[in-house]
Amino acid sequence: MSQTFLKYKLVLIPLALMMLLDLSLLAINYYVTAQIQVSANNINLAGRQRMLTQKITKLAALIHNSSHHQAPSADEMAKLAKAVALFDETLSAFSEGGRATAVSGEVVFINKLSGENAKESLIDAQFIWRPLHASLKYFLSSKAVTKPSSKQIMANLANSDEELLRLMSALTNSLEEEAKGRTNFLRSLQTAIVLVILVCFSIAIIRLIRRENYYNNLMEKTTDIVIGVDVKTALTTFVSGSVVELLGFNQQHYLSKPASLFFLKGSKSTFSEILEAVDKTGQLPTNRCEVRLLKRDGSILVADIVMQIALSENGKNVEVTAAIRDISERKAAEAVLIEQAHKDELTELPNRIVFYELAEHALNVAKRNKTRVAILYVDLDKFKPINDTYGHGVGDMVLRITASRITACLRKSDSVFRIGGDEFIVLLEGRVEEEGVASLAKNIIKSVSNVITIKDYSCQVGASIGVAIYPDNGVDIDVLTQRADKAMYKVKHSGRNDVCFAE
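Residues numbered from 1 in each chain as written. Predicted model: local features only at pLDDT ≥ 70, side-chain atom pairs only at ≥ 80, totals over all residues. Heavy atoms only, no water.

What follows concerns a nonpolar patch on the surface. Taken together, the side chains of Phe 201, Ile 205, Leu 208 and Ile 209 make up a nonpolar region of the molecular surface, amounting to roughly 340 Å² of accessible area. Take Leu 208: its relative accessible area is 41%, and that puts it in the partly exposed class. (Patch = residues over 30% accessible without salt bridge, like charges linked within 9 Å, V, L, I, M, F, W, Y side chains within 5 Å. Areas by Shrake-Rupley, 256 points an atom, 1.4 Å probe, with all protein chains shown as cover. Salt bridge = Lys/Arg side-chain N within 4 Å of Asp/Glu carboxyl O. Buried < 20%, exposed > 50% of the residue type's maximum accessible area, 1.4 Å probe, protein only.)

Shown next as structure tokens:
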């Protein structure tokens, strides 16, 4: 998990910040909603205070006028008492904080107003309201309304009504200004957060695009072909642009089509078996193998394919992703090295390594078919004086000509090998009879002994040949070779330029 974060941190950090800011914006919206509701309640209550001021004055005037003719009604007195109580309750809640009755009749809690203008209006209103409230309470508590008492109330209201109404209007205005200022601040904060979110989002998108371009550039510059194949459908889901350069077909030639389009017959089967194994077991039977791909010009590309299992882009399907690397040049170089390792560079004949491989195979065939195999150990006579007299350049030419002369004497089923210096081995398979072997050996000696003219030099060599036959002289290639070598040395010691069979 930590490696994933480090890999994508340039994208994840702005996205995480964006999410944090989104949560902050959500919290601010909740806070703004609550504040708007509180402000609306306070403004409504402050507006009601103005109405109550006017209502108290109106009711007091009705009571005063009615006291001239008759006693005021209980209903009017109750309304006045309620208006006074609501005004006093709300003014106290604004000043000190506490419970108050909302316009809807619901009991609400009001926080103490903290704005400077609101506090100033409340202090002045309390200064006016306290004595007025005391006289109103006394008036309302009297058992009978007298003309002097109502006259006194009207006098008090006349002195304070207009100022109290002005102060309640000022309180309403200050609350509206505070609400407006708070709303503007919160709106500015929301705007700033939204802008930061947009910046973070833009940074994340830019970095994702940059990362996408970076890997696309890497993919385009790589010499490997990268493919994705759906395990269930065996359809190609992705192919890199390098396919055009390596195979000649464009990407659309392969996308959403069977992955078998890439491969030749044998490789098709191999890749299909891999997909089936992944579908059944969820694991790759091998993570790499050698395949052959068909190019647009009809030629063959030898490639090394390295595979792994991955989820598709939608995270639902299992895919095999593979990097296909052209190894044609390497295989060609390996073939050259193998050929060099198995061929004599001077004469271009197979060397000792190939001799042992083919001889083992020949003996196995002979064992099954109950046939014979002959080994002729050929050593040139009088070759060293040519090197000493005319130089190694001439000696090399003599060896090449001698190799071709020996080859010319053989059947298609026979083979000749240079095993070192001026020594050769002839391997005879199939129908092997001593008379025929002896006749072939003499033909080789005759052909090799003919004069060789190189530049202005006349060179002549001979050949001493030892013969060992399977199974007469042994059933093991090493034993047969040793006995043929030993027979060849008998010829060397008895006059050369002849053939001798192993005992």
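This paragraph deals with the pairing of strand S7 (residues 318-326). Two elements, strand S3 (residues 225-230) and S7, share 6 bridges in a ladder whose sense is antiparallel. Directly across from Val 229, in S7, lies its bridge partner Val 320. Of the strand pairs in this sheet, strand S6 (residues 300-311) and S7 are connected by 9 bridges, and their pairing is antiparallel. Considered in S7, the bridge of Val 306 is made with Ala 323. (Pairing = 2+ DSSP bridges. Helix = DSSP H or I, 4+ residues; strand = E, 2+ residues; numbered from the N terminus.)

The next subject is the layout of surface pockets. Quantified by volume, the second largest pocket comes out at close to 230 Å³. Along the walls of the second largest pocket sit 13 residues, with Gln 35, Val 38, Asn 42, Leu 113 and Arg 182 positioned nearest its centre. When contributions to the lining of the second largest pocket are tallied by element, the ones reaching two or more residues are helix H1 (2-66) and helix H4 (147-221). In terms of residue class, the lining of the second largest pocket is made up of 5 nonpolar, 5 polar and 3 charged. (1 Å grid on protein atoms, 1.4 Å probe; cavity = no way out; pocket = protein on both sides within 12 Å on 5 of 7 lines; lining within 4 Å. Points joined across faces, edges and corners; volume = space filled by probe spheres on them. Nonpolar A, V, L, I, M, F, W, Y, C, P; charged D, E, K, R; others polar.)

By size, the foremost hydrophobic cluster in this structure holds 37 residues, and its most contacted members are Ile 56, Phe 87, Phe 94, Trp 129 and Leu 171. If you list the elements that add at least two residues to this core, you get H1, helix H2 (74-96), strand S2 (107-110), helix H3 (116-141) and H4. For this core, the leading source of residues is H2, giving 9 residues. Aside from chain neighbours lying at most four places away, what touches Phe 94 is Asn 42, Leu 45, Ala 46, Gln 49, Ile 110, Lys 112, Leu 113, Leu 122 and Leu 171. With 34 residues, the next largest nonpolar core counts Leu 346, Leu 376, Ile 406 and Ala 463 among its residues. (Core = buried A, V, L, I, M, F, W, Y, C linked by side-chain atoms within 4.5 Å. Contact = heavy atoms within 4.5 Å.)

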